[in-house]
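Here's the letter readout for the chains.
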Amino acid sequence: MRLDKLLANMGTGSRRDVKKLIAGRHVKVNGATVTDPGLEVSPESDEVTCRGERVQYKPFVYLMMNKPGGVLSCGDGAPGVKVCADLVGDDYSFYELSPAGRLDADSEGLLILTNDGEFIHNIISPNKKVKKTYYIRTLGELNEKDIEAFKEGLDIGNGEKAKSAELEIIKSEKGASEAIVRISEGKYHQVKRMVKACGKTVTYLKRISVGGVELDPGLAPGEYRELTDDELTKLKNKT
Ligand code: URA
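Here goes a summary of the coordinates provided. (Residues numbered from 1 in each chain as written. Predicted model: local features only at pLDDT ≥ 70, side-chain atom pairs only at ≥ 80, totals over all residues. Heavy atoms only, no water.)

Re the pattern of salt bridges
By the definition in use, this model includes 16 salt bridges. With its nearest N and O atoms 2.8 Å apart, the salt bridge here joins Lys192 to Asp104. Here Asp104 lies in the loop between strand E6 (98-99) and strand E7 (108-114) and Lys192 lies in helix H5 (residues 190-197), a separation of 88 residues in the sequence. Its salt-bridge partner being Glu231, residue Arg225 comes within 2.9 Å of it at the nearest N-O pair. When its relative accessible area of 23% is taken as the criterion, Arg225 is described as partly exposed. Judged by its relative accessible area of 14%, Glu231 falls in the buried class. Several salt bridges share partner residues, and in doing so they unite Arg2, Asp4, Arg15 and Lys19 into one network. (Salt bridge = Lys/Arg side-chain N within 4 Å of Asp/Glu carboxyl O. Helix = DSSP H or I, 4+ residues; strand = E, 2+ residues; numbered from the N terminus. Buried < 20%, exposed > 50% of the residue type's maximum accessible area, 1.4 Å probe, protein only.)

Set out below in structure tokens:
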């Protein structure tokens, strides 16, 4: 990879900033100052420093985003359609990010964005049974019978059956409920369809954790940060 590309991709600055840094003799490769921005370097084995600081090459990046409502988890860049990856700043523009488990356009909460395809596969594969937790509000009061129905598994239409899941009711009064739902699969509109199978309607849905990693309460809708090493290890150990 070209030196200027590596530095720009790893967030040192724009291609132009990076060229200036190189011309200003601030960049070293394996201890030697270099002035050619087009120098070919190996991101894995060459040691690149800028102003004495190591520029670490990361082949994969893992972001935790608080997905806002009204934005698609992913998409094909159709005009006028906002997609979560568009909310991610230039520092990550090198990476082609996809969600590890989608959320509906009107759903909010924890969305993990990464360019690691194997990680995505493992998080969403029903065989791996990675638990996803949702906070929901419903129209219609959820009750003990619904808790049992979730536990048994529900026919959610189109010939599909949702496996055993947990429903924990927080509040059920005046024709509405608040609850926590824990599922280990990710069928299309799964939570909404499970609630519908109980005769109620989801009016709000927010994913609050995946594989025991919780949405950072410090992230406002649309904000994101990299997963910590502990969070990433936790998720990788789950799969
Ligand atoms: N289940 C749903 O119905 N919608 C989501 O966005 C996620 C889970």
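Moving on from the coordinates now.
Points about the site of the ligand
Contacts to the ligand come from Leu103, Asp104, Ser107, Tyr134, His189, Gln190, Val191, Lys192 and Leu205. Between Val191 and the ligand, the recorded distance is 3.1 Å, taken from a backbone N or O atom to a nitrogen atom. Between Lys192 and the ligand, the recorded distance is 3.0 Å, taken from a backbone N or O atom to an oxygen atom. With three residues, the single largest contributor to the shell around the ligand is H5. Partitioned by chemical class, the residues of the shell around the ligand number four nonpolar, three polar and two charged. (Near = heavy atom within 4 Å. Polar contact = N/O pair within 3.5 Å; in protein donor to acceptor, adjacent residues only side chain to side chain. Nonpolar A, V, L, I, M, F, W, Y, C, P; charged D, E, K, R; others polar.)

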